[in-house]
Amino acid sequence: MRDELSRSGKGQAMEEYNFAYLDEQTKRMIRRALLKGMAVPGYQVPFASREMPMPYGWGTGGVQVSAAVMVPEDCFKVIDQGADDTTNAVSIRRFFERTAGVAVTERTGEATVIQTRHRIPEQPLEEGQILVYQVPIPEPLRFLEPSEVETRKMHALEEYGLMHVKLYEDIARHGEISTSYAYPVKVEGRYVMDPSPIPKFDNPKLRMAAIQLFGAGREQRIYALPPWCEVVSLDFEDYPFQASRADHDCDLCGAEGSYLDEVITDDAGGRMFVCSDTDFCAGRRDAGHLGRLGATEDVA
Amino acid sequence: MITVENVTKTFTLHNQGGAVIPVMEGASLTVAPGECVALVGASGSGKSTLMRMIYGNYLAASGVIAVGDVDVARAAPREILALRREVLGYVSQFLRVVPRVPTREVVAEPLLALGMARADALVRAEALLAQLNIPERLWELSPTTFSGGEQQRVNIARGFAHEYPALLLDEPTASLDAVNREVVLTLIERAKERGAAIVGIFHDVEARDRVCDRVIDVTGFTPARVA
Amino acid sequence: MKDIAVTEPLLRVEGLSKSYGRRIGCENVGFDLWPGEVMGIVGESGSGKTTLLNCLAGHLAPDTGRVLFDTDAGMVDTVTMSEPARRMLGRTDWAFVHQHAQDGLRMNVSAGGNVGERLMAVGARHYRDIREKAVDWLDRVEIAEDRMDDRPTAFSGGMRQRLQIARNLVTGPRLVFMDEPTGGLDVSVQARLLDLLRGLVREMGLSAIIVTHDLAVVRLLADRLMVMKSGQVVETGLTDQVLDDPQHGYTQLLVSSVLQV
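Everything numeric in this text was worked out from a predicted model, so none of it was measured.

Caption draft 1: View of the interface of chain C and chain A. Between chain C and chain A, the contact holds 22 residues from the first and 22 residues from the second. The largest per-residue losses of area from chain C upon contact with chain A belong to Arg87(C), Arg125(C) and Tyr127(C), which jointly make up 36% of the total buried on that side. Scanning the region where chain C abuts chain A turns up six salt bridges. As a salt-bridge pair, Glu83(C) and Lys153(A) come within 2.9 Å of each other at their nearest N and O atoms. Where chain C touches chain A, the interface holds 15 residue pairs in polar contact (both at pLDDT 80 or more). Elements supplying a minimum of two residues to the side of chain C that touches chain A: α2 (83-90), α4 (111-121) and α5 (127-140) of chain C.

What follows is the structure, encoded as structure tokens:
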């Protein structure tokens, strides 16, 4: 399989597979689930997840959703924790280059379909763009209520007290809501949803112009947020939601409001903070912004 | 206040060949407010049985047992519960309480059940315990660990905590010393003065003669035994 | 007499039956429960008392019969009411104390969180208020404040059971179902729990239905008794009357089979 992949040339789709790998019946099935998800924002729609040529946990849900929405004219971008150049992002990007022959990019603004693992790009998305999330565990109530039958019933009957028990436990144990990623949200005043393990810093961005689609391959669930639908992060009156980030500027591009990764640079306690969104950071540096270490670092 | 008319009682022993044992027949008595009536008769003649029937503890087979305006022989459980809470007190020979509950609370409980404020109920309970010479250091302890005489006095305090219009006393002075016996007899006299109708069993003849206005021999209600 | 003035019972059960295939769970059970009353259901294992309790509490659907509960809209049949409404009842006016505390608790959530859950389930969203209420309730069931952030896995059996009771009573229910609440506890712990339950029942004016095989428990807790055998109610009455002057052969056997209660 990998041999075949590597033999086929860049920008030229493989002939052995249907466009974007999945057969049309499967895509139709997934699109129906996506439409249902769009119609009922935040509701987890079951779908018949297929075996994909990659292990569960590597984005099989996201890949199936991307395959189902992709058209030949699309320009595709993949990020993993904000970065375009990690193994996972590169593999998935190449997978669609070869099976769909679509154009690919690292530029957020140029992409029409962006598949993401654990981040929302810094640059605001626009109408016409689609953001596809890879979701490991779609059920926000799972860790407190192991029964799927029971959690489905709780969603159906809007019994969401349990979600606050989790936040309560956070405060009781850590003095604040320590949940820092996969922070639960309520969609359109109805369904409580796991926004996938994005940092809670990204939660306010969930209300956006683009379509957001969530795919959980192993758990066989799809859910969606239509443009501009209302997404509220759960909290307590006396412990309001806070979109936290490291209290630094990016050491490369000097950005003050972006989400940062901490990078250990030596074994003597040296470290730096850099934008987790590599495209955003590179764009700023191209525009002449420089951070504390921007001049001395290799900007590749 | 208390009227018993033509009451019969049988025990059916289903597990001993369904033997039916008649224990009472044609029992009748009346007790007016302010009156104390003693039940007498040999052991096994049915004094306790009759008293238990008046309290609703034993079911009467037929007849009428009127306490105030409730026929205990026919009343629904909740009517009897209300009757016991408000009208009909009972001092039994045995103390039956939840272990671990302090004596003060045991005595105050009938008052709390009536909705009296906790502080007031405890004050009343303490006054009675003091009157009955239960040492103050025991008030916080459970009466389950007390001696027979102490338990008896706790039971009496509990029975007199609320001023019931009708009272049943089963051997209230048994196992008491002279001093406490005097206290109990005074309590009974006070209850009569305020108009309580009392039915009692007293083996203590002197005590019986002092507080009782009449004596009813229950032997007359004992059915002829078929051997 | 004040309580007699109440004209509607809190709970009215009519012709309740449940069978498992050809085996009878409970058959044609009916009774009224009045506000403030505690009713005991006794019988041996397999007599149908737990089936009955589960039917009453809406955990099992009975085959026939009605379970009417006094709501704002009058007496409503909880068997035919919608599931959301019944579940709402289950976390507001009703409470259920399981025999095994772990069935009624979230073992991976702190004691405070366990008590707070019912509050959050009915919309409480102020952390400090929730915590204050939890502290108050833990205190009422004699769990020290410094244990409130511990998980029930670190608690003894008696503490767990008390925690379960606090968790159930925090929203001020009117009717509590209890399935062998003192089962499996040491005798001394049982006594403490009984004392606690009695106090709470009186202070809160609770009504309760307690299933147990322990006649000593009902003697101390229940106003009324229902004796079950093979799914049938064979005798009902005042607790002390049923225990001291049992009328039915089975009750006589039951009472004479236990050590003096």
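What follows continues from the structure just given.
Caption draft 2: Region of the structure containing the pattern of salt bridges. Residue and element names in this part refer to chain A. Inspection of the entire model under this criterion finds 51 salt bridges over all chains. We note a salt bridge from Arg117 to Asp80, for which the minimum N-O separation is 2.4 Å. With Arg117 in strand β4 (residues 113-117) and Asp80 in strand β2 (residues 75-80), this residue pair connects regions lying 37 residues apart in the sequence. The exposure class of Arg117 is partly exposed, given its relative accessible area of 22%. Three or more residues joined by partner-sharing salt bridges are found here, namely Arg119, Glu122, Asp202 and Lys205.

Caption draft 3: View of unusual backbone geometry. Residues and elements named next belong to chain B. Of note in the backbone geometry, Asn133 takes a positive phi value of approximately 60° without being a glycine. The phi torsion at Ser175 lies on the positive side, around 55°, for a residue other than glycine. The class of Ser175 is exposed, set by a relative accessible area of 58%.

Caption draft 4: Representation of the arrangement of the chains within the structure. If you rank the two pairs of chains in contact by how many contacts each has, first place goes to chains B and C. No interface is formed between chain A and chain B, the nearest pair of C-alpha atoms being 34 Å apart.

Caption draft 5: Structural view of the sheet that holds strand β2 (residues 23-33) of chain C. All names here are of chain C. With antiparallel pairing, the four strands of this open sheet are ordered in space as β2-β1-β4-β5. Two strands bound the open sheet, and with one partner strand each, they are β2 and β5 (74-77). On average, each strand axis in the sheet is tilted by 25° relative to the strand beside it, whichever way the strands run. Here strand β4 (residues 64-71) pairs with β5 via four bridges, running antiparallel. Looking across to β5, one finds that Thr71 is bridged to Gly74. Where helix α1 (residues 49-56) meets the sheet, it contacts β1 (11-20), β2 and β4, and its direction lies at approximately 125° from that of β1.

Caption draft 6: Quick peek at the packing of helix α6 (residues 161-174) of chain A against α4(C). Relative to each other, α6(A) and α4(C) sit at 140°, their axes nearing to 8 Å. With respect to their mutual orientation, α6(A) and α4(C) come out oblique. Between α6(A) and α4(C) lies a crossing of right-handed hand. In contact with Gly161(A), Leu162(A), His164(A), Val165(A), Tyr168(A) and Glu169(A) of α6(A), α4(C) contributes Gly112(C), Gly113(C), Glu117(C), Met120(C) and Ala121(C). For the contact of α6(A) with α4(C), the residue count by class is five nonpolar, four polar and two charged.

Caption draft 7: Inspection of the side chain of Glu171(B) at higher detail. All names here are of chain B. Tracing the backbone shows Glu171 in the loop between β7 (166-170) and α6 (178-193). Despite being buried, Glu171 has no salt bridge partner; Lys47 is the closest side chain of opposite charge, sitting 6.7 Å away. When sequence neighbours within four positions are dropped, the list of residues in contact with Glu171 reads Gln93, Gln152, Ile201, Phe202 and His203.

About the thresholds
Residues numbered from 1 in each chain as written. Chains lettered and ligands numbered in written order. Predicted model: local features only at pLDDT ≥ 70, side-chain atom pairs only at ≥ 80, totals over all residues. Heavy atoms only, no water. Contact = heavy atoms within 4.5 Å. Buried area = accessible area lost by both parts, 1.4 Å probe. Salt bridge = Lys/Arg side-chain N within 4 Å of Asp/Glu carboxyl O. Polar contact = N/O pair within 3.5 Å; in protein donor to acceptor, adjacent residues only side chain to side chain. Helix = DSSP H or I, 4+ residues; strand = E, 2+ residues; numbered from the N terminus. Buried < 20%, exposed > 50% of the residue type's maximum accessible area, 1.4 Å probe, protein only. Pairing = 2+ DSSP bridges. Axes fitted to C-alpha atoms, helices over the stretch in contact; angles between N-to-C directions. Parallel < 35°, antiparallel > 145°, perpendicular 65-115°, else oblique. Left-handed = near helix turned anticlockwise from the far one by under 90°. Nonpolar A, V, L, I, M, F, W, Y, C, P; charged D, E, K, R; others polar. Lys, Arg positive; Asp, Glu negative; His and termini not counted.

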